[in-house]
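Fold and geometry: a report
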Amino acid sequence: MNNSPRKMSKETSIKMSEENSKSGMEGFNLDGILSELGSFGKYQLLLLLLLAFRDSFLNMCNFNYVFTAAEVDFRCQVPECELTDSSFNASWSPFALTNKTDTCYRMTPMEEAWQNHTGRHQQSMCTPANFAWNKTMACDKVVYEDYNSIVAEFDLGCQPWKRTLIGTVHNLGLVFSFVISGLISDKYGRKVVIVCTPLMVGVAGLIKSFSVNYYMLLVLEFLETALGYGNASMVLSLELVSQKRRVMFSCISDILASFGSAFFGLIAWKIPYWRHMMRAIYAPLLVVVFYIFLVDEGVRWLLAHNKNDEAVRVLNKVAKINNIQLSNKSKAMLSKITTVSKSDEEGDRPPERLHLLSVLRSRTILLRVALIACCFICSTFVYNGTIINSTSVSGNKYLNFSALLLVSIPTRLITAFTLTRFGRKAPICVAYTLCCVFFFASAFVSKAVGWVSVLFYLAGKMCSSYGMFSMYVVAMEVFPTTSRNSLTNIANTVGRVGAVLAPQAPLLDKYMSGLPSIVFGAVAIGAALLALLLPDTSKVALPDDIADAEKIDNQAVETPDVIRHSVSITQGKE
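Let me sum up the structure you'll find in this document. Keep in mind the model is a prediction, meaning the values are calculated, not measured.

Criteria and cut-off values
Residues numbered from 1 in each chain as written. Predicted model: local features only at pLDDT ≥ 70, side-chain atom pairs only at ≥ 80, totals over all residues. Heavy atoms only, no water. Axes fitted to C-alpha atoms, helices over the stretch in contact; angles between N-to-C directions. Helix = DSSP H or I, 4+ residues; strand = E, 2+ residues; numbered from the N terminus. Parallel < 35°, antiparallel > 145°, perpendicular 65-115°, else oblique. Left-handed = near helix turned anticlockwise from the far one by under 90°. Contact = heavy atoms within 4.5 Å. Nonpolar A, V, L, I, M, F, W, Y, C, P; charged D, E, K, R; others polar. Expected span 1.5 Å × (residues − 1). Buried < 20%, exposed > 50% of the residue type's maximum accessible area, 1.4 Å probe, protein only.

The next subject is the packing of helix α8 (residues 160-188) against helix α10 (residues 214-227). Contact pair α8 / α10: the axes reach a minimum separation of 6 Å and the direction vectors enclose 25 degrees. Our classification of the angle between α8 and α10 gives roughly parallel. As for how α8 packs across α10, the hand of that crossing is right-handed. Of the residues in α10, those in contact with K162, L165, I166, V169, H170, L172, G173, L174, F176, S177 and I180 of α8 are Y214, Y215, L217, L218, E221, F222, E224, T225 and A226. Considering only residue class, the contact of α8 with α10 consists of 13 nonpolar, 4 polar and 3 charged.

Attention now goes to the packing of helix α20 (residues 363-388) against helix α25 (residues 484-501). Interhelical geometry of α20 versus α25 gives an angle of 35 degrees and a closest axis separation of 7 Å. Every pair of crossing elements has a handedness; the one defined by α20 and α25 is right-handed. Touching I365, V369, I372, A373, F376, I377, T380, F381 and N384 of α20 are L487, T488, I490, A491, N492, V494, G495, R496, V497, G498, A499 and L501, all from α25. By residue class, the composition of the contact of α20 with α25 is 14 nonpolar, 6 polar and 1 charged.

Turning our eyes to something else, we now look at the side chain of T418. Tracing the chain through its elements places T418 in helix α22 (residues 408-422). Among residues more than four places away in sequence, those in contact with T418 are G423, P427 and Y466.

It is worth spelling out helix α23 (residues 425-444) at this point. A rise of 1.5 Å per residue sets the reference length of α23, with its 20 residues, at 28 Å; its end C-alpha atoms lie 30 Å apart and thus fit the reference within 8%. All of the buried residues in α23 are P427, I428, C429, A431, Y432, C435, C436, F439, S442 and A443.

Just geometry here; none of it tells us what the structure is for.
Pasting the structure below:
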């Protein structure tokens, strides 16, 4: 019984090899052709810039609630004293208000004062003697320090749960978004998601900026994320280059996106009013409609769906733009699969595709989805929570936010080096262990040296960013091409439980200073332990089918049978 999964895997592998032979893919080596085309030619650089523009503004929109629903200092309105001084930090605050900040209670006026000053000018009532020092009353109305946030405009100061609910609903929408975008991406192509999702987000966000009340904004917040987002850019960047360059290429793509999205802090600083700020970050996404003509479909997806003619056209286009002359062997391969594609059309043979549920019947794949989902729960909670909580850390909240995104740049450089040199599992475990140490240190540093706490917090964010990106890389490397985005997004969807809970983390600071950082550190340890169970995919080609994917656990350093069989045939022909 113990050998049955291996036997099935072997039989599946042989069957897939026979199918490839029949379909004319025998001896075809895509990794070899991609290596000849290079990883950083003009074509790839243009694609990196296009994806960076798209992803930069999508990242800004994805964290819009950090500033649009930012906490605003407020105080009770005291009718007895407002005529004396109506400024936010009024001179009468010490005796008319409680010592606590952002509270919805104020000192109760003395009954004798009301009786003695009946019919007299209200200004004479604003004296310490006219307020009880040991009795408070609820505010009838509150006054805000500024009205740039929806908290002030929709009067949410005394209902903090409504403020954090916006972030929770936003991340709840992403649960649906990642499932839908993954299924669409695997069935209709990466390009559909890359073009359509930013357009939906842009339109929904612009409508959201005209919200007339809190509930309209909440509904649009959910619709925006449910209809948009996804991770098609990362999938396309991983599939575009050869095995040796895929981590480096994806890291550069993410570096450019992080650099662009870091400008959100500056945009929010210079355009603080939430409606205007929303329009500034959502409107540019409408430009992505022109990507229909600028971005090509992923070659691996085209080949996996028997769209060989289109795949050959894209590969030839890359060679032309990069000014590269393909070898005779590569030209022969491309010519052969084109010929086979035409014969298939004449025979009207429909391409064979596996349903997603069929893929999940594999016990190995199902367990792998469950493991990566658990990893994502921890990863998304820490990653999103640190960004959302950044506005509560000492210092300028706008600069803190930008700094947290900019630390992704050196982090990605470290990621590209370590994931390539030391594999996947060990670096992820080390990163999340350090993440725990740094967040704990940040929580217990004295407020007298707040800058040290910020440095530890930034270091913890670097480690969480490293771990989050690495988890995505591993997730996309362990699933087959025909269902890669769907399975990754199913795992990510379950993992969004962490992102849904993350916006509530800042509320923990009410109970204990630094408690959010302590919680982030504790969850990071969970991610480190789960990462020990991940397969190491650093030396394995991207699996094209279930058989290749199943063999990753047992043969991480070996070339899959189908590819090895193809290479041997190619060498024999030489």
